[in-house]
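Understanding the architecture of this molecule
For reference, the chains in residue letters:
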Amino acid sequence: MSEITSRLSDFVSGLRLGDIPADVRERTTILVADSIGIAVRARHESAAYPPLVRAVRKLGFAEGRCAVLGDLDAYSPMAAAMINGTLIHSLDFDDTHAAGALHPSATTLAAALAAAEMESADGSDLVPAIIAGYEVLCRLSKALNPADHYDRGFHPTATCGAFGAAAAAARIMRLSPAQVADAFGIVLSQAAGSMQFLENGAWTKAFQVGHAASAGLLAATLARQGFRGASRAIEGTAGFLHAHAPNPNIDIAAAGLGQVWEAAEIAIKPYPACRFAHAAMDAIVSLRERHSLKLDDVLEITCGLSRKGIDLVGKPIEQKRAAATTVEGQFSMPFLAAVALAEGGMGWGSYDRWLQDHAIRQFMPHVSVVQDPEVEALFPRRFAGAVTMVLKTGETLHEFVSSPKGEPDNFVTSEEVWQKFQALVEPYIGESAAAAFEAIGDLEKIQASRILSLVRPAMEITRVGKLA
């Protein structure tokens, strides 16, 4: 059996900016901009933010010099990592990795930013650190087999994300390979995340991702100070892969390191909802535009998904048809299908607009979700979706989407990235949005003194904005 922990540790410790292809570095900068935009909006509109920060203050973690995106105050490094990770994931609008079935940036970027402030690191360290985190967490999820990991009730964005956060923080701190291995051995004891949030739309979905970011930062800091971590943390008999899945393919975790870049396979979401629903939503939007359809024109919709997609957004179907809160809506194919048909897309404001809308709620029982063989055959390489739509005229329409918008083979344009960023942050930072976006575009060239301008692009302007 390969010593995966050792190989990943060598990779993380040795990764330099010049080792990374230009297109991967460019993609990473886009992902960072996307994540920052989401976090700034979530800082002001996520219902989970106020109680989270009250708890942080109660625990004495509101003292420090690390930034929370879109916030005027400074926090301890662990608190900043936890809050930023939670914010990036709060809207379910953050980037995804299809083969790993997870969200890479929330844990990785949050830990990297906090570590960068601790170390006064510049972009030449920040960018490799983020990419190191991406490579570790995406590869671990693939090695687990995401469907098996989900079937055990785990949330891979949090479980694998803790290792990605540890890798990112360790690279910022310039830990040796042995120290990185210790960090992995330490974070092994903290990697956690449960899908039980689906039962009641709990806020733990985002929190456990933020916790993973802070756990990775803690693990790297402990390792730096000489704290001993468990050996063979990833491939050991009680290590991460064996403990979290029945039949892990361990060698996948280190295959092609430094040659095949999982970071290049990360997608950006056009809709703030579970990625498993996006291909079907794209299909509905396409049919709507091509046939000039309105909600009243359609009798019923059947969405064909993979089995795992159905588990998340399609069952129990009666519960999904009754979605009433934002988190429930994010994981309800009936709600998301109805909104896509009514609106021709979806943005963060769609939840406030449509969740209690009478017409939407009347339509949701007419949306069904079934397992589609063609979609299933593509999973987990692709999050495909199929839609069959029956019109009130009796006509039947069908659309199949093999790769939803935002995937690497159907990626968003630069203008679409900017439009998403602008729509998210402009209500709170106004005309500063363009300057912030431009600054993030120069991420790897920014000196240590400019790091704060990246992680706090909204701070001064929010003094006169809508500060929660």
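Bear in mind that the values here come from a model prediction, so they are computed numbers and not experimental data.

Below, the discussion takes up the overall build of the protein. Across its full length, the protein carries 22 helices and eight strands. Here the C-alpha radius of gyration of the protein, 21 Å, is about what a compact globule of 468 residues would show, namely 23 Å. Dimensions along the principal axes, computed over C-alpha positions, put the protein at roughly 70 × 55 × 40 Å. Relative to its 468 residues, the protein shows a buried fraction of 60%. Sequence-distant contacts, at least 24 apart, represent 77% of the contacts inside the protein between residues at least 6 apart. When the accessible surface of the protein is split by element, carbon and sulfur atoms take 51% of a total near 16900 Å². Across the protein, the mean location of the 41 positive side-chain charges is 4 Å away from that of the 52 negative side-chain charges.

Here the bond from Lys315 into Pro316 is cis, since omega is -5°, no more than 30 degrees from zero. As for its placement among the helices and strands, Pro316 is situated in the loop between helix 13 (307-313) and helix 14 (317-320). Here the residue pair Phe379 and Pro380 is connected by a cis peptide bond, since its omega of 5° sits within 30 degrees of zero. Tracing the backbone shows Pro380 in the loop between helix 19 (373-378) and strand 7 (385-391). Even without a glycine there, the phi angle at Ala101 is positive, about 50°. Positionally, Ala101 belongs in the loop between strand 3 (96-97) and helix 5 (105-119). Not every positive phi belongs to a glycine, and Arg174 is a case in point at roughly 55°. Of note, Arg174 is situated in the loop between helix 8 (156-172) and helix 9 (177-187). Judged by relative accessible area, Arg174 falls into the exposed class, the value being 52%.

Using a probe with the size of a water molecule, rolled over the atoms, empty space left in the structure can be pinpointed. The final tally for this structure, using the stated rule, is three cavities of 30 Å³ or more. Lining the largest cavity are 18 residues, and of these Ala101, His103, Tyr150, Cys274 and Leu312 sit closest to its centre. For the lining of the largest cavity, the per-class residue count stands at 10 nonpolar, five polar and three charged. Here the second largest cavity is characterised by a volume of approximately 70 Å³. Forming the boundary of the second largest cavity are Leu198, Gly201, Gln319, Lys320, Val327, Glu328 and Phe331. Taken together, the elements giving at least two residues each to the lining of the second largest cavity come down to helix 14 and helix 15 (326-330).

On to the pairing of strand 7. For strand 7, the buried fraction is high: six of the seven residues fall into the buried class. One ladder, built from six bridges, connects strand 5 (residues 298-305) with strand 7; its direction is antiparallel. When the sheet's bridge partners are listed, Cys303 is paired in strand 7 with Val387. In this sheet, strand 8 (residues 396-401) lies alongside strand 7 in antiparallel orientation, the contact comprising six bridges. Counterpart to Met389 in the pairing with strand 8 is Leu397. Linkage of strand 7 to strand 8, two consecutive antiparallel strands, is achieved through a turn of four residues, within which Gly394 is found at a positive phi near 100°.

Before going further, it helps to examine the packing of helix 4 (residues 77-90) against helix 5. Where helix 4 meets helix 5, the closest approach of the two axes is 8 Å, and the angle between their N-to-C directions is 150°. In terms of their interaxial angle, helix 4 and helix 5 are classed as roughly antiparallel. Considering the relative orientation of helix 4 and helix 5, their crossing is right-handed. Where helix 4 approaches helix 5, its residues Pro77, Ala81, Asn84, Gly85, Ile88 and His89 are matched on the opposing element by Ser105, Ala106, Leu109, Ala110, Ala111, Ala114 and Met118. Residue composition of the contact of helix 4 with helix 5, grouped by class: nine nonpolar, four polar and no charged.

Attention now goes to the pattern of salt bridges. For the coordinates displayed, the defined rule picks out 26 salt bridges. Here Glu235 and Arg232 are joined by a salt bridge, their closest N and O atoms 3.8 Å apart.

Parameters at a glance
- Residues numbered from 1 in each chain as written.
- Predicted model: local features only at pLDDT ≥ 70, side-chain atom pairs only at ≥ 80, totals over all residues.
- Heavy atoms only, no water.
- Helix = DSSP H or I, 4+ residues; strand = E, 2+ residues; numbered from the N terminus.
- Rg over C-alpha atoms; globule rule 2.2 N^0.38 Å.
- Buried < 20%, exposed > 50% of the residue type's maximum accessible area, 1.4 Å probe, protein only.
- Contact = heavy atoms within 4.5 Å.
- Areas by Shrake-Rupley, 256 points an atom, 1.4 Å probe, with all protein chains shown as cover.
- Lys, Arg positive; Asp, Glu negative; His and termini not counted.
- Charge placed at Lys NZ, Arg CZ, Asp CG, Glu CD.
- 1 Å grid on protein atoms, 1.4 Å probe; cavity = no way out; pocket = protein on both sides within 12 Å on 5 of 7 lines; lining within 4 Å.
- Points joined across faces, edges and corners; volume = space filled by probe spheres on them.
- Nonpolar A, V, L, I, M, F, W, Y, C, P; charged D, E, K, R; others polar.
- Pairing = 2+ DSSP bridges.
- Axes fitted to C-alpha atoms, helices over the stretch in contact; angles between N-to-C directions.
- Parallel < 35°, antiparallel > 145°, perpendicular 65-115°, else oblique.
- Left-handed = near helix turned anticlockwise from the far one by under 90°.
- Salt bridge = Lys/Arg side-chain N within 4 Å of Asp/Glu carboxyl O.

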